[in-house]
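# Breakdown of the fold
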Amino acid sequence: MGATASYAGTAGSNKGYLALPATGTGPAVVVLPDRSLGGHITTVVDRFAAEGFVAFAPDLRHGVTGDGGRVGVTGDDRRHGVTGDGSDHDEPDIDPAALAHDLVAVVDHLARRAEVTGPVACVGFCLAGSLALWSATLSDRIVAAVAFYPSLPWARLHPEWSHYAGKAAVIHCSEADGTSQAPDIQAARRAIEEAGGECTLYDYPGTQHAFFNDDRPEAYDGDAATAAWARTLELLRRRLR
């Protein structure tokens, strides 16, 4: 089981959820939540720790809750860089500078911890899946990114895809979101590969958005979630050396 930990971001001292592996040390994984901390996300962090990683989920909402807790729901989020209407496929207003600062601060905080013995990966869900892919363009510390059903138009973030040289990404795609053939997914794949990075796309037939989230029984797909988890671990074990 993990515990609350703090890091310095745009709003001062921010909170997150940290879990350590049984050995006490290991490579690092940042877990970006599709909703506020708790439930599904803390379980994912604990699962990564059980697999030998130092795992940390930052509270990108800075304590703001409501409308299900999803990143980008309330008007108060505008000062923190993310707003939206709370739907699974909204297109929130983004302050790239503030959000980039927070993401880099999280990665730097984790990389500097004494328990971390290797590079960093970033894993995210829904809107935060796109942020996970974006994070690898922001920090040299991040060598791998995993996005579960990402849902944010890239034009709002203006990613410098050239920073993906030598890095790797995995994107898990639901059928309901248009599979790996969705234009934004294909744009990301092309940009990463043209930069000299590796990008692997996985499709999960018959799945809904949020198929990995077992807190959402209307969308959860156990077989797809198991396959996606195994593929995620394969990438992280190969890249976080």
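The structure under discussion appears in the preceding block.
Summary of the structure given here. Remember, predicted model here, so these are calculated numbers, not experimental data.

To continue, consider helix H3 (residues 127-135). The periodicity of an α-helix, 3.6 residues per turn, causes residues three or four positions apart to be oriented the same way. Among the 9 residues of H3, 9 are classified as buried, and the element is accordingly described as predominantly covered. Buried within H3 we find Leu127, Ala128, Gly129, Ser130, Leu131, Ala132, Leu133, Trp134 and Ser135. Here the buried face of H3 lies against strand S3 (26-32), helix H2 (96-112), strand S5 (116-125), strand S6 (142-148) and strand S7 (168-174).

Attention now goes to the packing of aromatic side chains. Evaluated as defined, the whole model comprises 11 aromatic pairs. Centre to centre, the rings of Tyr7 and Phe56 are 5.8 Å apart; their planes meet at 90 degrees, and the pair counts as edge-to-face. Here Phe56 lies in strand S4 (residues 54-58) and Tyr7 lies in strand S1 (residues 3-9), a separation of 49 residues in the sequence. Linked through ring pairs, Phe48, Phe53, Phe125, Phe148, Tyr149, Tyr204, Phe211, Phe212 and Trp229 together constitute an aromatic cluster. Above the plane of the ring of Trp229 lies Arg47, whose end atom (NZ or CZ) is 4.1 Å from the centre.

Before going further, it helps to examine the pairing of S6. The side chains of a regular strand alternate between both faces of the sheet. Across the 7 residues of S6, 6 count as buried, placing the element largely inside the fold. In this structure, S5 lies alongside S6, joined through 6 bridges in parallel fashion. Residue Ala121 lies in a different strand from S6, and its bridge partner there is Ala144. Crossover S5 to S6 through H3 is right-handed. Pairing of S6 with S7 involves 5 bridges; the strand directions are parallel. In the sheet register, Ala144 faces S7, and the bridge partner there is Ala168.

In terms of burial, S4 is largely enclosed, as 5 of its 5 residues are buried. The alternating pattern of S4 places Val54, Phe56 and Pro58 and Ala55 and Ala57 on opposite faces, both of which are buried. Here S3 runs beside S4; their pairing, made up of 3 bridges, is parallel. Following the sheet pairing, Val29 is matched in S4 by Ala55.

Even without a glycine there, the phi angle at Cys126 is positive, about 60 degrees. Note that Cys126 resides in the loop between S5 and H3.

As a further point, take the pattern of salt bridges. One pass over the full model with this rule turns up 8 salt bridges. Between Glu198 and Arg239 there is a salt bridge; the shortest N-O distance is 3.1 Å. With Glu198 in strand S8 (residues 198-204) and Arg239 in helix H5 (residues 222-239), this residue pair connects regions lying 41 residues apart in the sequence. With a relative accessible area of 23%, Arg239 lands in the partly exposed category. A salt bridge links Arg238 to Glu234; the nearest nitrogen and oxygen atoms lie 3.0 Å apart. In this pair, Arg238 and Glu234 both sit in helix H5, 4 residues apart, roughly one turn of the helix.

Before going further, it helps to examine the packing of H2 against H3. In a pair of packed helices, the angle between the axes and the distance between the axes together describe the arrangement. Look at H2 against H3: their axes get within 11 Å of each other, and the N-to-C directions meet at 75 degrees. Classed by the angle they form, the pair H2 and H3 counts as roughly perpendicular. Between H2 and H3, the contacting residues are Pro96, Leu99, Ala100 and Leu103 on the first element and Leu131, Trp134 and Ser135 on the second. The class makeup of the residues in the contact of H2 with H3 is 6 nonpolar, 1 polar and no charged.

Reading the values: the criteria
Residues numbered from 1 in each chain as written. Predicted model: local features only at pLDDT ≥ 70, side-chain atom pairs only at ≥ 80, totals over all residues. Heavy atoms only, no water. Buried < 20%, exposed > 50% of the residue type's maximum accessible area, 1.4 Å probe, protein only. Helix = DSSP H or I, 4+ residues; strand = E, 2+ residues; numbered from the N terminus. Contact = heavy atoms within 4.5 Å. Phe/Tyr/Trp six-rings, centres within 6.5 Å; stacked < 30°, edge-to-face > 60°. Lys NZ or Arg CZ within 6 Å of the ring centre and 35° of its normal. Pairing = 2+ DSSP bridges. Right-handed = clockwise from strand over helix to strand, strands pointing away. Salt bridge = Lys/Arg side-chain N within 4 Å of Asp/Glu carboxyl O. Axes fitted to C-alpha atoms, helices over the stretch in contact; angles between N-to-C directions. Parallel < 35°, antiparallel > 145°, perpendicular 65-115°, else oblique. Nonpolar A, V, L, I, M, F, W, Y, C, P; charged D, E, K, R; others polar.

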